[in-house]
Amino acid sequence: MSAIPDEFHLIAEKISAEIKAGNSVAALQSAAVGFPGQVVFSSSLGKEDQVLTEMIATAGLAQKIEIFSLDTGRLFEETQYLLNLTNKAYSLKIKVYFPEAGDVETLVREKGSYSFFDSVENRKECCFIRKVKPLKRALQNQKIWVTGIRAAQSTGRAEMLPVELDEDHNVLKIHPLFYFTDEELESYIQEHSVPVNELHKKNYPSIGCAPCTSPVKPGDDPRSGRWWWEQNTGRECGLHAAN
Ligand code: SF4
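Computed from a predicted structure; not experimentally measured.

Chemist: What is the right way to read the overall build of the protein chain from this model?
Modeler: Looking only at helices and strands, one finds 8 helices and 6 strands in the protein chain. Taken from N to C terminus, the helices and strands of the protein chain fall in the order α-α-β-α-β-α-β-α-α-β-α-β-β-α. Against the globule reference of 18 Å for 243 residues, the protein chain gives a C-alpha radius of gyration of 17 Å, in line with a compact fold. Taken over the C-alpha atoms alone, the protein chain extends approximately 50 × 35 × 35 Å along its principal axes. In the protein chain, which comprises 243 residues, the proportion classed as buried is 51%. Contacts in the protein chain between residues far apart in sequence, at least 24 positions, make up 69% of those at least 6 positions apart. Of the roughly 12,000 Å² that the protein chain leaves accessible, carbon and sulfur atoms contribute 50%. Positive and negative side-chain charges in the protein chain, numbering 27 and 33 respectively, have mean positions lying 4 Å apart.

Rendered as structure tokens:
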């Protein structure tokens, strides 16, 4: 943890130990107490994020950890429905960030609505406009960024740490479910009746924007349906740049 600055050092060690011990809620509580009003959780409404939302809501942390989501303008109908359902189920008002209208207008005018199919550069440009820039706004003046990343999601993610510094946004990034196995995640969802995206039943384990996500075959890498037309690009959109 030598790369972690002094202001984060003690809390990073505490949260890291709690995550390693399997105590995700304790990690969330430590974050909320350590930096009151400066802890945010980015939810894409995936299974992991739904579990974290349930933990935050039922532990009474929703006033202390702001939950936000990025609406790229290209989400599945099912994902938008789930956002609504989640707000109702847990009495939340998840904050939604949209891309800058001018950015999207210029992109669509110059390159059309499907430029991401033409090249990796175009795809990254679209992700930058619709995801990365809104994320920067969401993380402004924050200290801790909570994510639903798990080591079991991909080989790239397995190489990450449960607590790390995000130098781009100058925040401590914590992954309370980092060591959850697939089985543990599913058990938690069943036991706590956590609402999840209807698309999971249709072989979409990882769900992003509608045109950029396809179903996967049983046994395939869960993230292989993301940017399905690309080869070996790491299946990441720039939100978790260290990957
Ligand atoms: S996932 Fe696809 S539609 Fe969504 S922001 Fe990235 S390139 Fe654009």
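Chemist: Can you walk me through the environment of Pro195 in this structure?
Modeler: You can see Pro195 is positioned in the segment after helix 8 (182-191). Residue Pro195 is classed as buried on the basis of its relative accessible area of 13%. Leave out the neighbours within four places in its chain, and Pro195 touches Gln50, Leu82, Leu85, Thr86 and Tyr90.

Chemist: Even after reading the chapter, I still don't get the sheet that holds strand 5 (residues 163-166), so can you show me in this structure?
Modeler: Through backbone hydrogen bonds, the strands of a sheet pair up, either in parallel or in antiparallel fashion. Strand order in the open sheet made by the 6 strands is 3-2-1-4-6-5, with mixed pairing throughout. Two strands lie at the open edges of the sheet, namely strand 3 (95-97) and strand 5, each paired on one side alone. Strand-to-strand, the axes of this sheet are offset by a mean angle of 30°, without reference to chain direction.

Chemist: Would you mind going over the site of the ligand with me for this structure?
Modeler: As a structural note, the neighbourhood of the ligand is formed by Arg74, Phe116, Arg123, Cys126, Cys127, Arg130, Lys131, Cys209, Cys212 and Trp227. Taken together, the residues of the shell around the ligand break down into 6 nonpolar, no polar and 4 charged.

Chemist: Teacher, can you tell me more about the packing of aromatic side chains here?
Modeler: Think of a pair of aromatic rings as described by two things: how far the centres are apart, and how the planes are tilted against each other in angle. If you walk through the whole model with that rule in mind, you get 11 aromatic pairs. Relative to Trp229, the ring of Phe116 has its centre 6.2 Å away and its plane inclined at 40°; by these criteria the two rings are tilted. Of this pair, Phe116 sits in the loop between helix 5 (101-111) and helix 6 (120-139) while Trp229 sits in the segment after helix 8, and the two are 113 residues apart along the sequence. Of the residues examined, Trp229 reaches a relative accessible area of 21% and is grouped as partly exposed. Ring centres of Phe178 and Tyr179 lie 5.1 Å apart, and the angle between their planes is 90°; this geometry places the pair in the edge-to-face category. According to the relative accessible area criterion, Phe178 is buried, its value standing at 2%. The exposure class of Tyr179 is partly exposed, given its relative accessible area of 40%.

Chemist: What should I look at first to understand the pairing of strand 1 (residues 39-42) in this one?
Modeler: Note on strand geometry: in a regular strand, side chains alternate between the two faces of the sheet. Burial along strand 1 is two-sided: the face carrying Val39 and Phe41 and the face carrying Val40 and Ser42 are both buried. Judged from the 4 bridges that link them, strand 1 and strand 2 (residues 65-70) form a sheet pairing that is parallel. From the neighbouring strand, Ser42 faces strand 2, where its bridge partner is Phe68. Crossover handedness for the path strand 1 to helix 3 (residues 47-58) to strand 2: right-handed. In terms of strand pairing, strand 1 meets strand 4 (residues 144-146) through 3 bridges, oriented parallel. In the strand pairing of strand 4, Phe41 is matched with Val146.

Chemist: Sorry if this is basic, but what is going on with the nonpolar core here?
Modeler: Among soluble globular proteins, nonpolar side chains are generally buried collectively. In this structure, Ile15, Ile144 and Leu172 are the most contacted members of the largest nonpolar core, which totals 41 residues. At 5 residues, the largest contribution of residues to this core is made by helix 1 (residues 6-20). Setting aside residues up to four positions removed in sequence, Ile15 forms contacts with Ala27, Ser30, Ala31, Ile144, Val163 and Ile174. In this structure, Phe68, Leu70, Tyr97 and Val132 belong to the second largest nonpolar core, which totals 11 residues.

Chemist: Just to check I follow, could you spell out the packing of helix 2 (residues 24-34) against helix 3 for this structure?
Modeler: In a pair of packed helices, the angle between the axes and the distance between the axes together describe the arrangement. The interhelical angle for the contact between helix 2 and helix 3, taken along N-to-C directions, is 65°, at an axis separation of 10 Å. For helix 2 against helix 3, the interelement crossing comes out right-handed. Two secondary-structure elements touch here, helix 2 through Ser24, Val25 and Leu28 and helix 3 through Leu52, Met55 and Ile56. The residue makeup of the contact of helix 2 with helix 3, split by class, is 5 nonpolar, 1 polar and no charged.

So, how was this worked out
Residues numbered from 1 in each chain as written. Predicted model: local features only at pLDDT ≥ 70, side-chain atom pairs only at ≥ 80, totals over all residues. Heavy atoms only, no water. Helix = DSSP H or I, 4+ residues; strand = E, 2+ residues; numbered from the N terminus. Rg over C-alpha atoms; globule rule 2.2 N^0.38 Å. Buried < 20%, exposed > 50% of the residue type's maximum accessible area, 1.4 Å probe, protein only. Contact = heavy atoms within 4.5 Å. Areas by Shrake-Rupley, 256 points an atom, 1.4 Å probe, with all protein chains shown as cover. Lys, Arg positive; Asp, Glu negative; His and termini not counted. Charge placed at Lys NZ, Arg CZ, Asp CG, Glu CD. Pairing = 2+ DSSP bridges. Axes fitted to C-alpha atoms, helices over the stretch in contact; angles between N-to-C directions. Near = heavy atom within 4 Å. Nonpolar A, V, L, I, M, F, W, Y, C, P; charged D, E, K, R; others polar. Phe/Tyr/Trp six-rings, centres within 6.5 Å; stacked < 30°, edge-to-face > 60°. Right-handed = clockwise from strand over helix to strand, strands pointing away. Core = buried A, V, L, I, M, F, W, Y, C linked by side-chain atoms within 4.5 Å. Left-handed = near helix turned anticlockwise from the far one by under 90°.

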